[in-house]
Amino acid sequence: MNLSSIPVIVLSAGENSRFFPLNTDTHKGALRLCGQSLILRMLYGLAGVGFKKIYIVVSPKDYNNQGLTAELQNHHLNIEVEFILQGQATGMGGALLLAKDKIRDKTFAVVFPYSIEAGKVFIKMTRVKQTNGVLALTKTNKPWLYGIASIRGQRVISITEKPKKTEGSLNLKLQGVYLLSSNFMPYLENTPIKDYSFESALHYFVKKYPVSFIRLNQPLLTLKYPWHLFDFKNQLLKNLDKRIENTISIDKNITIKRSYIGPHCFVGKNAIIEDSIIEEGTKISAGIHIKNSIIFKSCKIHSSIKDSIIGANVSIGKGVIVLTKGEKSSNKIITQVKGKPVNTDLKNFGTVVGNNTVIQKNVFVDAGIFIGANVIVPKEQRIRKHIPHN
């Protein structure tokens, strides 16, 4: 199959409501890890296997040289990128319908902007004998959280969105990488637009048309919740001892292990950086220990940070303590997402802080508590519940 003739639709217009507090300025696909945005990593992968035409559906905050469009303005890739504006988020189905004129009578691909492994997966999908599509599947022990496929032989026969825990042995989840024929589009057009209209249309489509699948041994990285960024960090640092950009200023007696430190950073004497990503322009004070954390650009860090994610342009004062374990240290951390408890599956998890926030000195933050963007946290406070954006 000639990949250069297959248009790729990148769905990047979601509200990212479950990604609080890192959901204010741009789509999560524009986040930079180790100096490069996730969407650019994904596009390099697509270009590397032969795709040539990319359509990216974006929301107003990522349109007209903002957010994602600004990030890709000078991408220097041998591909053509076109942006499609979606004024209001209406789920995957609504976003894909905006690109229907780009698809017409072609086989097309659908992917998310953080799918950094998509290029390799699409190569595997094109090797499968198929007439109307190929889906990527992997096993899960929590099917009630995902879109789930039922199979018979080499064919997908149904799609169930978040099946109930009592619905038998359904355990093959969709991986967010789709190769479909244009025959799918009438099914989508005839499905009422709502959050799961794509999955609903796909269910009826696979019942009518033969759609194949591939099984992946490991699930692809996903970015549903902010703590999933730890998985991306671990993947990017897996084979890295340390990477330090040339323009960094490092004081004496610094320990750096399995970490990335971006350009224009400063790290004070006796600091320890382990298993962490420190992005451009961040300043780490003397004697500070940063472990298993992501700190985005232009931050000022005056307290030790572990198992946490700190947004861009955040200032953390002296004496700030972030717990990383719950009341029972053996339990995994439970946090709140859109008012509901969610198990993070992490035994150690500190905080996530939104962009442009200031945490003054001697603040105490409980494990799994998030602080919104543009917030000033007064000194000597204990933070026991999420603080919304200001």
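Residues numbered from 1 in each chain as written. Predicted model: local features only at pLDDT ≥ 70, side-chain atom pairs only at ≥ 80, totals over all residues. Heavy atoms only, no water.

1. Here's the deal with the nonpolar core
And then number 1: Formed by 64 residues in total, the largest nonpolar core has its most connected members in Leu-96, Leu-135, Phe-184, Leu-202 and Leu-229.
And then number 2: When residues in this core are grouped by element, the largest group, five residues, is from helix α7 (residues 197-208).
And then number 3: If we skip the residues at most four places from it in the chain, Leu-202 touches Leu-135, Ile-159, Leu-174, Tyr-178, Leu-180 and Phe-184. (Core = buried A, V, L, I, M, F, W, Y, C linked by side-chain atoms within 4.5 Å. Buried < 20%, exposed > 50% of the residue type's maximum accessible area, 1.4 Å probe, protein only. Helix = DSSP H or I, 4+ residues; strand = E, 2+ residues; numbered from the N terminus. Contact = heavy atoms within 4.5 Å.)

2. Quick notes on a positive patch on the surface
And then number 1: There is a patch of like positive charges on the surface, built from Lys-120, Lys-124, Arg-127 and Lys-238.
And then number 2: Counting through the fold element by element, Arg-127 comes out in the loop between α5 (118-126) and β7 (133-139).
And then number 3: On the basis of relative accessibility, which here comes to 66%, the residue Arg-127 falls in the exposed class. (Patch = residues over 30% accessible without salt bridge, like charges linked within 9 Å, V, L, I, M, F, W, Y side chains within 5 Å. Areas by Shrake-Rupley, 256 points an atom, 1.4 Å probe, with all protein chains shown as cover. Salt bridge = Lys/Arg side-chain N within 4 Å of Asp/Glu carboxyl O. Lys, Arg positive; Asp, Glu negative; His and termini not counted. Charge placed at Lys NZ, Arg CZ, Asp CG, Glu CD.)

3. Thoughts on the environment of Asn-171
And then number 1: Among the structural elements, Asn-171 can be located in the loop between β9 (155-161) and β10 (172-180).
And then number 2: When the C-alpha positions of Asn-171 and Tyr-146 are compared, they lie 9.4 Å apart, and in sequence the two are 25 residues distant.
And then number 3: Those residues within four positions of Asn-171 in sequence are excluded, and the remaining contacts are Thr-138, Lys-139, Thr-140, Pro-143 and Ile-148.

4. Overview of the environment of Ala-118
And then number 1: Within the secondary structure layout, Ala-118 lies in helix α5.
And then number 2: Classification of Ala-118 as buried rests on a relative accessible area of 1%.
And then number 3: A sequence separation of 34 residues divides Ala-118 from Ile-84, and the C-alpha atoms of the two residues are 21 Å apart.
And then number 4: What Ala-118 contacts, discounting residues up to four positions off in sequence, is Met-42, Leu-46 and Val-111.

5. Quick word on helix α1 (residues 38-49)
And then number 1: In a regular helix each residue adds 1.5 Å, so 12 residues correspond to 16 Å; α1 covers 17 Å between its end C-alpha atoms and thus fits that length.
And then number 2: The set of residues buried in α1 consists of Leu-38, Ile-39, Leu-40, Arg-41, Met-42, Leu-43 and Leu-46.
And then number 3: Following α1 by one or two positions, Gly-50 has its phi on the positive side, about 115°. (Expected span 1.5 Å × (residues − 1).)

6. A word on the pattern of salt bridges
And then number 1: Under the criterion given, the structure shown has 10 salt bridges.
And then number 2: Its salt-bridge partner being Lys-53, residue Glu-82 comes within 3.6 Å of it at the nearest N-O pair. One end of the pair, Glu-82, is in strand β5 (residues 80-85); the other, Lys-53, is in strand β4 (residues 53-58), and 29 residues separate them in sequence.
And then number 3: Between Lys-142 and Asp-345 there is a salt bridge; the shortest N-O distance is 2.9 Å. Note that Lys-142 is positioned in the loop between β7 and β8 (147-152) and Asp-345 in the loop between β28 (340-343) and β29 (351-353), a separation of 203 residues in sequence.
And then number 4: Sharing partners across several salt bridges, the network here consists of Lys-53, Glu-80, Glu-82 and Lys-102.

7. Observations regarding the packing of α1 against α5
And then number 1: Viewed as axis vectors pointing N to C, α1 and α5 meet at an angle of 35°, and their least axial separation amounts to 7 Å. Judged by residue contacts, Met-42, Gly-45, Leu-46 and Val-49 of α1 engage Ala-118, Gly-119, Phe-122 and Ile-123 from α5.
And then number 2: A per-class count over the contact of α1 with α5 returns six nonpolar, two polar and no charged. (Axes fitted to C-alpha atoms, helices over the stretch in contact; angles between N-to-C directions. Nonpolar A, V, L, I, M, F, W, Y, C, P; charged D, E, K, R; others polar.)

Everything listed here is a matter of coordinates, which is why it stays silent on function.
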